[in-house]
Every structure is written in C-alpha cells, then in structure tokens.
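Single-letter residue listing:
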Amino acid sequence: MAESIPTVLVVDFGAQYAQLIARRVRECHVFSEIVPCDITAAEVVRRAPAALILSGGPASVYAEGAPKMDTGIYDLGIPILGLCYGMQLMAIDLGGAVPKTDVGEYGFAQLTVTDESCALFDGLAVDQQVWMSHRDSVGTAPVGFTVAATTPTTPVAAMADPARRLYATQFHPEVAHTPAGLDMLKHFLYDVAGLAPTWTMVNIIDEAVDEIRAKVGDAKVICGLSGGVDSSVVAALLHRAIGDQLTCVFVDHGLLRLDEGADVVRVFRDQFHVDLIHVNAEDRFLGLLDGVTDPEAKRHIIGEEFWKVFFEEATRLEGVRFLAQGTLYPDIIESGGRSSKATAKIKSHHNLIPFPAGVHFELVEPLRNLFKDEVRAVGSELGLPDEIVHRQPFPGPGLAVRIIGAVSREKLDILQRADAIVREEICRWDTDREVWQYFAVLPDIRSVGVMGDERTYARPIIIRAVASADAMTADWARLPHELLALMSNRIINEVDGVNRVAYDITSKPPGTIEWE
Ligand code: XMP
C-alpha cells in the first residue's frame, strides 16, 4: 500500500516523537510511515517518498553515539522538514553551527516570524506561541538558508532554504501546545511538497480491500472475533473484501460484560451477515477457573484456553489458508524498535499467535499500517456501531480479573449487572467520552449492612473510573457526587447480593487501572 500512494517518511531519531508526527501528517490526509534514522539514501530513492520529516529525539547532537543520517539524502531533491533534533542535525550536516549551551528552553515560547515569505508561516500571525523542548540550538544557519523565525532565547527558531525545499523548526509543530502547528505542517505538505489531502477513510478502505483481494485470491480466511475494536474492524473489512470466503470464530468465554456476547452475534451475523461460529464456552472456562485465585494464573488459563478453543474450530473447517489478525501500526513499530535490525523482531511479533503443533495459517493483517484512531474511523465508515468502535479498553481475560479471588457464576452475575449500571450512568453523563475507562469490581469480602428492618451480610461493589491518555498513567476521575449517589442507589436497589458501594480514589501509579 505504502509504495503506491504519495508517502511522507518520518525519519525516527527517538521513538515517541516520530509516532506523533506520523499521526499528525495522516490527520492532514497524507499517508506517512516511520523509518529508522539509519535508512540509506539508496533506500529512500527506492521508496520514492514525496517528502521527509526528520523527527526530534532525546539525544544532544554532541552526545556520544548521537544518531546521524546518511547525508546523501539531502541531495535527492526531496523536500525535507527538520524538527528540533532534526533541525540541529540538518544545520550541522549542511555546514551551519550548533553551539553547545548550558541553558535549555522547555515549554511555551513566544515566536516571532522574521521572514514572512517563508511558506511554513504563510498567512499565520507574526507573533505566536510555540512549544519548545531543547538544550542545544542552531547558532548559524547553513549557507543558502534564511532565518525564518526567532524566540527571545533561540535566535534561529526556524530556517528555510526554499530553493532546495529544506525547512526546519526548533520548536515542535506536531504538539497541541503549538496552536498553529498543524497549519505549518499543512503548509509544508501541501505548498512545499505539493501533496494533496487524498489519504481519506474511503481511500484507506479501498486500498485495504484491493490488497486483501490480491493477497487472498479465492482462498478461505478465518478470523477470531472478541468483540473488541481491532478484531471487529478486521472482520468488517475482510467481509467487505471477500464476503463469504471469510469465517469468523467468536470464542465466548462467558466473561464478557452484560449482553456483550449477544451484541457481537447481532452485529456480525444479523447486520453484516458474516459467516459466524459462536462458540459458547462459558462452562469450559468457568470449570477451569474453579477455585483459582491467583490473577496471573487466571490470565494464563484464559489465554491458553482461548486459543485452544479457537484452533479446535479453525482446524475443523476445510480448506482455510489464511488467518486474519488485528495487528496495528504501533504494534509493528514497537516490536521493531527503530534500528534497521527491526525485521527480525517484527517476525517474532507475528509469532504471538500460539499455533499448535502441526497447524499453520498464513497471516492477513489489514490494519498493520493504521493507528488506533484510524482503525476506529475505518470501523465507523464500514458501518460498525458506536458501541464497538468507541468501546473502552477491556482486558482479554474479561471480568475474571475484576472478580477478586475465585470466579463463580454467581459472582459473575452480580458483577455483570452492577457493571452495566456503572457503564450506563457514566456513559449518559460523559457525553464527550472524557473518562478513559470505567467499570465495576467485585472484591472478595462481605460487610454488614441494614436494608429495611433486616441486617444484611453481603458483597460490596467498587466503582473504578479513570482519566488517562494511554493507560500508562491514570488519575481517578472526579465524578460528580450526584452521579456517584445515583450509581450507588441503583446498584443496591437493582443488584441482589450487594449492600455497599465504594469509589476507588487511587491513581496509577501507585495503583493499576485494573484490580488484578
Ligand atoms: P493496568 O491494570 O495494568 O491496565 O493499569 C492498563 C490497561 O490494560 C488493560 N489490561 C489488560 N488488557 N489483557 C488485556 O488485553 C490483560 O490481561 C489486561 N490487564 C489490564 C486495562 O484494562 C487497562 O486499560
């Protein structure tokens, strides 16, 4: 797919910066991919990108082993935008100077555009806020460049050589803290590189459908459905591409949220008319989990059994050649790292599916070029309902890790009903989807209460709701007291066996989002 459409290559000098840049470029409807900084000029020529963006990075250009780039790349006539570290490297590589400094510049800075003819700043305010995060900076721009913008502490905050189509900024246009940053990127992509905003959801789907058809031919494909976003979008996309050649296997371990299993069947069998095998394996999973209290042991049992059930079904079908998998672009980048030795590691990522001895399928991974937000957009475009496309993260082992201690059908029933109330009420209140994840937890204790004239000795429910950007860190959500009161009342009135509700006010760290 990448080679056939105009592509911007983001040269990666430090992982998390590059991903954000690639995502921003795609928000401008231009396809972009991340490449390691040791890419050679010959490889760049082979891939024929429409433009290059050199990312920022954590290193100082003077640090030992600081990443460098093949300088032959500057001579290829391809437009290049250098950002932060990428700008400093461009300056040094082309004969400018980056003096060592002791004073860095971190956070907001006031930018003044000094060359209003610079394409990056076309039509933008002369004075504006930008986001800086650097120690060293360019002292003297290379010959041929003009200084396009300054800040009080950074004399060369942007530089440009329009004749060679080389541009660079010391600040980060890709972050939200640079309010006009996206406009600057658009100027680079559309005006400097002459790109058109053609990377749209419709194009992404058309490309993916063509690619699936070319790869699969008239062979049969099997796909594991979990009800999660990725596997659902894979299934919908494959169905669009190859219709009845696709069979989906939904391994229902019974540990999903209330009605979730039925929803998967309704959407895929009744709405999309996918050939769906619904394996109701609740008894099997609950039997294996009986008496198991250790969280990792639960995870292990569920993970292993899931694939066992899946392959029992998969190998029963005749003539299946391909297995579809919801690998996303960040999975590929993360398992590959940023060195060109990446290929070996990407292979090990493919082996994550534990094929049983003697079983082998070729893989189809139609989402492997997409970020999560693009996967959601593709899902919506394909007609998947919002409940699936905007489903909050949900652990593979399901409610088994939200029932503390041993899992039983009785506990599962209590938790499913309490959790449904929590989701219903928070969803009704959180219309902008600001809370990252919210759910109920059933701890392994009972407490005394009084209901009517009777003393009770029943279970508590804990409500967990967190704000987060990526689940690495999280803060407990400041839900209004009225909402907490409403959920507490409803849970106690509507769920038998519960006499107390608590709200978890622990952030991550020190807590985790889940309780197990
Ligand atoms: P923690 O509890 O580690 O969770 O703060 C971070 C995110 O990961 C999800 N999570 C899991 N997802 N299998 C999964 O697929 C698991 O075993 C698992 N455990 C936690 C959790 O819901 C949160 O979004």
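Look above for the structure.
Since we're looking at a predicted model, the values are computed, not measured.

As for the sheet that holds strand 9 (residues 166-169)
1) Next: Taken together, the nine strands give an open sheet; going across it, the order is 2-1-3-4-9-8-7-5-6, and neighbouring strands pair in mixed fashion. The open sheet terminates on both sides in strands that have one partner only, identified here as strand 2 (31-36) and strand 6 (127-134). The sheet shows a mean angle of 25 degrees between the axes of neighbouring strands, taken without regard to direction.
2) Next: As judged from the eight bridges shared by strand 5 (residues 105-113) and strand 6, these two strands associate in the antiparallel manner. Each bridged residue has a counterpart across the sheet, and for leucine 111 the counterpart in strand 6 is glutamine 128.

Examining the pairing of strand 7 (residues 146-150)
In regular strands, side chains alternate between the two faces of the sheet.
1) Next: Pairing analysis gives two bridges linking strand 5 to strand 7, with the strands arranged antiparallel. Note that in strand 7 the partner of valine 113 across the bridge is alanine 149.
2) Next: For strand 7 and strand 8 (residues 158-161), the ladder comprises three bridges, and the chain directions are antiparallel. Bridging from a neighbouring strand, valine 147 pairs with methionine 159 of strand 8.

Description of the packing of aromatic side chains
In this description, a pair of aromatic rings is defined by centroid distance and the angle of the planes.
1) Next: A full pass over the atoms with the stated rule returns 13 aromatic pairs.
2) Next: Ring centres of phenylalanine 108 and tryptophan 131 lie 5.1 Å apart, and the angle between their planes is 85 degrees; on these two criteria the pair is classed as edge-to-face. You can see phenylalanine 108 sitting in strand 5 and its partner tryptophan 131 sitting in strand 6, a full 23 residues away along the chain.
3) Next: Here phenylalanine 108 falls in the partly exposed class, since its relative accessible area comes to 48%.
4) Next: Assessed through its relative accessible area of 24%, tryptophan 131 is described here as partly exposed.
5) Next: Seen in terms of ring centroids, tyrosine 329 and phenylalanine 371 are 5.5 Å apart; in terms of plane orientation they differ by 80 degrees. Their pairing is edge-to-face. Taken together, the residues tyrosine 329 in helix 10 (residues 329-336) and phenylalanine 371 in the loop between strand 14 (362-364) and helix 12 (372-381) connect sequence positions 42 residues apart. Considered together, tyrosine 329 and phenylalanine 371 belong to a single accessibility category, that of buried residues.
6) Next: Directly above the aromatic system of phenylalanine 371 lies the positively charged group of arginine 23, at a separation of 5.9 Å from the ring centroid.
7) Next: A cation over an aromatic ring shows up here: arginine 257 above the ring of phenylalanine 394, its NZ or CZ 4.1 Å from the ring centre.

Remarks on the site of the ligand
1) Next: Every residue close to the ligand is listed here: Arg299, Pro393, Pro395, Gly396, Pro397, Gln437, Ala471, Lys508, Thr512, Ile513 and Glu514.
2) Next: Contacts to the ligand include glutamine 437, whose side-chain N or O atom sits 2.8 Å from an oxygen atom.
3) Next: In this structure, isoleucine 513 approaches the ligand through a main-chain N or O atom, which is 2.7 Å from an oxygen atom.
4) Next: Surface burial for the ligand is 69%, taken as the share of its 500 Å² of free accessible area covered by protein chains.

A look at helix 5 (residues 201-216)
1) Next: Taking 1.5 Å as the rise per residue, helix 5 with 16 residues should run 22 Å; its terminal C-alpha atoms sit 22 Å apart, in good agreement.
2) Next: Considered for burial, the residues of helix 5 that qualify are Ile204, Ile205, Ala208, Val209, Ile212 and Val216. Seen along its axis, helix 5 keeps its buried residues to an arc of 130 degrees; they face one direction.
3) Next: Two residues or fewer past helix 5, glycine 217 is found with a positive phi of approximately 60 degrees.

Thoughts on the pattern of salt bridges
1) Next: Applying the stated criterion across every chain yields a total of 32 salt bridges.
2) Next: Across the pair arginine 266 and aspartate 263 runs a salt bridge whose closest N-O atoms are separated by 3.4 Å. Of the two residues, arginine 266 and aspartate 263 both sit in helix 7 (residues 260-271), three residues apart, roughly one turn of that helix.
3) Next: Accessibility expressed as a relative area gives 32% for aspartate 263, which makes it partly exposed.
4) Next: Salt bridges sharing partners connect three or more residues here, namely Glu424, Glu425, Arg428, Arg490 and Glu494.

Thoughts on the sheet that holds strand 10 (residues 220-225)
1) Next: Here we have five strands laid out as an open sheet, ordered 12-11-10-13-14, and parallel in their pairing. Of all the strands in the sheet, the pair left with one neighbour each is strand 12 (275-280) and strand 14. Taken over all neighbouring pairs, the strand axes of this sheet differ in orientation by 30 degrees on average, direction set aside.
2) Next: Note: strand 10 against strand 11 (residues 246-252), five bridges, orientation parallel.

Looking at the environment of glutamine 245
1) Next: Here glutamine 245 shows up in the loop between helix 6 (229-242) and strand 11.
2) Next: As for glutamine 245 and valine 292, which are separated by 47 residues in sequence, their C-alpha atoms are 40 Å apart.
3) Next: Leave out the neighbours within four places in its chain, and glutamine 245 touches Val216, Gly217, Asp218, Ala219, Lys220 and Val221.
4) Next: A distance of 2.9 Å separates a polar atom in the side chain of glutamine 245 from the backbone oxygen of glycine 217.

Conventions used here
- Residues numbered from 1 in each chain as written.
- Predicted model: local features only at pLDDT ≥ 70, side-chain atom pairs only at ≥ 80, totals over all residues.
- Heavy atoms only, no water.
- Pairing = 2+ DSSP bridges.
- Helix = DSSP H or I, 4+ residues; strand = E, 2+ residues; numbered from the N terminus.
- Axes fitted to C-alpha atoms, helices over the stretch in contact; angles between N-to-C directions.
- Phe/Tyr/Trp six-rings, centres within 6.5 Å; stacked < 30°, edge-to-face > 60°.
- Buried < 20%, exposed > 50% of the residue type's maximum accessible area, 1.4 Å probe, protein only.
- Lys NZ or Arg CZ within 6 Å of the ring centre and 35° of its normal.
- Near = heavy atom within 4 Å.
- Polar contact = N/O pair within 3.5 Å; in protein donor to acceptor, adjacent residues only side chain to side chain.
- Areas by Shrake-Rupley, 256 points an atom, 1.4 Å probe, with all protein chains shown as cover.
- Expected span 1.5 Å × (residues − 1).
- Arc of directions from axis to C-beta.
- Salt bridge = Lys/Arg side-chain N within 4 Å of Asp/Glu carboxyl O.
- Contact = heavy atoms within 4.5 Å.

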